[in-house]
Amino acid sequence: MKYILVLVFLASCLGLASPTGAVPSFARQTGMACAACHTVFPELTPFGREFKLHGYVLDNIKQITGIDTSARQTLAINSLPPISMNVEISYSHTGAPLPDSTIKGALAKDGDLLFPDQVSLFYAGKIADGLGAFIQLTYDGSADHFGLDNTDIRYAHHWSFGGPNGNNHDLIIGITLNNNPTVQDVWNTTPAWGHPYASSSTAPSPVTSAKVDSGAGGFGQTVGGLGVYAWLDDHVYVEITNYDASIPGGAHPLDSTQADVVNGLAPYWRVAYEQRWDRNSLEVGAFGLDASTHPGAGTPLRGPTDKYKDVAADVQYQFIGEDHFVTFLGTYIHESQTLDASILDGFAANDRNKLNTFKASGEYYYERLVGGSASYFGTSGGSDVQLYAAAPVVGSANGSPNSRGYILEADYLPWLNAKLQAQYIGYQRFNGGATNYDGSGRTASANNTFYLLVWVAY
Amino acid sequence: MKLHHVFALFIGGALGAIAAAHAADVTDATPSQIAALQQTIATCGTCHGVHGRSVSPTFPNLAAQTPAYIEAQLHAFKNQTRADPDAQAYMWGMASQLSDATISGLAVYFSGQSAPPGSGGNATLLAQGKQIFAEGVPDRQIPACASCHGAQAQGNGPFPRLAGQHTAYLIRQLLVIQSALRTAPVMHGVIKELSRSQMEAVATYLESI
């Protein structure tokens, strides 16, 4: 079981904990400032949501075009390639130093400078009429790894209908091809673009998360999915996307050396309703994921599977004033686990477990210049001494996934595309305990993390 | 206004002959022209409302606005001669690729949409605002707004319709004109001495009618 824990810890260090999404190539393509689509990046405004739902294709620059003899457009691409860079440099400091990775009893260096934490190259913009892409290639400083990060390629078509001018109603139907459940979503309550928008990739994080979530248990960048969505009258959103395993690196075709391999298709669904009035918008929605997986990690990808059923509710409120910006984000995820395979393979002690996650964040910014946020998060679930086994730092002495804490963050943006961030994560409970939670004497507060970040996108 | 009339004027504009009298005769716009204008209207509608009535006061109502004013502003965005913060953030990009014919088509379409209904407001502010609008502020040498914008604030050619416009948008424009972030030669002198509270009063009144 420790092998699994190490795998999920390494996975969490491979960029899953640090979403990135400020893309100046969109600004170059549209001719519009970041402020049109973002309150403070990467959080989207209503217009930013529309831009994404339309397929990233709104353009206001000269196009290189082609037509055939029937006047059908065969090419429409930007005269400038939609390329952007994103650079993150960070310093992390935990409440107590982490143990040395090899020498028993020794400690690692106190504090960790990552130069870079991440460097990302984006292709983000229009490919053809209706077809656009958000493709992120990231070098991860802590993993010394370069690979495909969040990716969403989509095609959308817009119809107007009804009324004397045939435009009383609007409908967008779109197709998305992506590698992370919820990366295609347009609200910041879903995990891929959820709060916090950047956090330490080297500090310890709780032992697990729901499959649809972005933590250690999540599917980000280890699946590929094709989905269809509809957006009606700027109010109603529905989507269904089916995912299959797509794990970069390692053995291919996927075999027993991989871990947590999706079996068959894992459907993700999403419904949401948004109401806008004056400078306000309120979204209420639900989403979920049904997945069956083979644990792998030395066991064959055959026979019984583990089944995960995630159901989540979310609410987002935004006030976008001339000088004042207020956001509230709330997400609750309930996961039911039926671990038929893990029981047989000795990875789990219970055949059924529950996992509940709650996150709530409030943000305030003044003139998109200074601001910050306060958040509360919590994960709770049944104890399972195999699934959440004792291990230094990353394990649980009592087999519990229960963690909770708060996040305080202050931000300063000298320019719309540059953010200086100071963040503090305080754990009241970590992997089931406040003291000696891992069976090796570590306290939850030892994982409290102070995180400084310089984040620029250009 | 029916879209085929807009298309008529749209095409008429392209031919250099914008005239409502010709509208009924020019109804055979090509499907691609119709689709292009529909798409542009839908794009504008994302912020301004497809019928020119916006939700957020960051974005002005365009319904029933005078066509001359809409055209002038779209050209000013395209030429980057209107340079207030929101103009730069949103409209410089959005207007940059609009042809003269499309600008004319948009002006005709949005000016033909039903005016937004007035909304209520604080009675004291409404009374003060109505007085400023109708009579100006003589002791500050501020003339009556109605003298250019029309007795009902319905607009007049290049002078925009103000009736039913969002209060916050109007105040924002008065401030950026007063600080010269937005160039508006006549208005610079007219509102030089207009106070913030007077702006709030007159803007509240204008949204109410």
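Residues numbered from 1 in each chain as written. Chains lettered and ligands numbered in written order. Predicted model: local features only at pLDDT ≥ 70, side-chain atom pairs only at ≥ 80, totals over all residues.

Draft legend 1. Fine view of the overall build of chain A. Regarding its fold elements, chain A presents five helices and 19 strands. Here the C-alpha atoms of chain A give a radius of gyration of 22 Å, agreeing with the 23 Å that 2.2 N^0.38 yields for 458 residues. The principal-axis extent of the C-alpha atoms belonging to chain A is close to 70 × 50 × 35 Å. Among the 458 residues that make up chain A, the fraction classed as buried is 52%. Taking the intrachain contacts of chain A between residues at least 6 apart in sequence as the baseline, contacts between residues at least 24 apart amount to 64%. (Helix = DSSP H or I, 4+ residues; strand = E, 2+ residues; numbered from the N terminus. Rg over C-alpha atoms; globule rule 2.2 N^0.38 Å. Buried ≥ 20, exposed ≤ 12 C-beta atoms within 10 Å, placed from the backbone. Contact = placed C-beta atoms within 7 Å.)

Draft legend 2. Geometry of the domain arrangement of chain B. Residue and element names in this part refer to chain B. Considered domain by domain, chain B is made up of domain 1 (3–111) and domain 2 (123–208). With three residues, helix H3 (residues 67–78) is the single largest residue contributor to the side of domain 1 that touches domain 2. A per-class count over the side of domain 1 that touches domain 2 returns eight nonpolar, four polar and two charged. (Domains from an automatic or database assignment. Nonpolar A, V, L, I, M, F, W, Y, C, P; charged D, E, K, R; others polar.)

Draft legend 3. Up close: the packing of H3(B) against helix H5 (residues 100–111) of chain B. Residues and elements named next belong to chain B. The N-to-C vectors of H3 and H5 enclose an angle of 140°; their axes lie 8 Å apart at closest approach. The pairing of H3 with H5 is recorded here as oblique in orientation. As H3 packs across H5, the resulting crossing turns out to be right-handed. Residues Pro67, Ile70, Glu71, Leu74 and His75 of H3 pack against Ile103, Ser104, Leu106, Ala107, Val108, Phe110 and Ser111 of H5. For the contact of H3 with H5, the class distribution of residues is eight nonpolar, three polar and one charged. (Axes fitted to C-alpha atoms, helices over the stretch in contact; angles between N-to-C directions. Parallel < 35°, antiparallel > 145°, perpendicular 65-115°, else oblique. Left-handed = near helix turned anticlockwise from the far one by under 90°.)

Draft legend 4. Examining the nonpolar core more closely. In terms of nonpolar packing, the biggest core is built from 56 residues, with Cys37(A), Tyr56(A), Ala124(A), Met91(B), Leu106(B) and Phe110(B) touching the most fellow members. In this structure Leu106(B) touches Thr40(B), Ile41(B), Cys44(B), Ile70(B) and Leu74(B), once residues within four positions along its chain are discounted. Leu162(B), Met199(B), Ala201(B) and Val202(B) belong to the second largest nonpolar core, which has 20 residues in total. (Core = buried A, V, L, I, M, F, W, Y, C linked by C-beta atoms within 7 Å.)

Draft legend 5. Here's a closer look at the packing of helix H2 (residues 31–48) of chain B against H5(B). All names here are of chain B. Viewed as axis vectors pointing N to C, H2 and H5 meet at an angle of 65°, and their least axial separation amounts to 11 Å. Between H2 and H5 the crossing geometry is right-handed. Side by side, H2 and H5 meet where Leu37, Thr40, Ile41 and Cys44 of the first sit next to Thr102, Gly105, Leu106 and Tyr109 of the second. A breakdown of the residues in the contact of H2 with H5 according to their chemical character gives five nonpolar, three polar and no charged.

Draft legend 6. View of unusual backbone geometry. Residue and element names in this part refer to chain A. A cis amide bond links phenylalanine 41 to the next residue, proline 42, at an omega of 5°. The residue proline 42 is located in the loop between helix H3 (34–37) and helix H4 (46–53) in this model. The step from histidine 252 to proline 253 runs through a cis peptide bond, and the omega angle for that step is -5°. Even without a glycine there, the phi angle at threonine 182 is positive, about 90°. Mapped onto the fold, threonine 182 is located in the loop between strand S7 (169–178) and strand S8 (223–232). Non-glycine residue asparagine 436 carries a positive phi angle of around 45°. The topology assignment puts asparagine 436 in the loop between strand S18 (418–429) and strand S19 (449–457). On the basis of neighbour counts, which here come to 14 C-beta atoms within 10 Å, the residue asparagine 436 falls in the partly exposed class.

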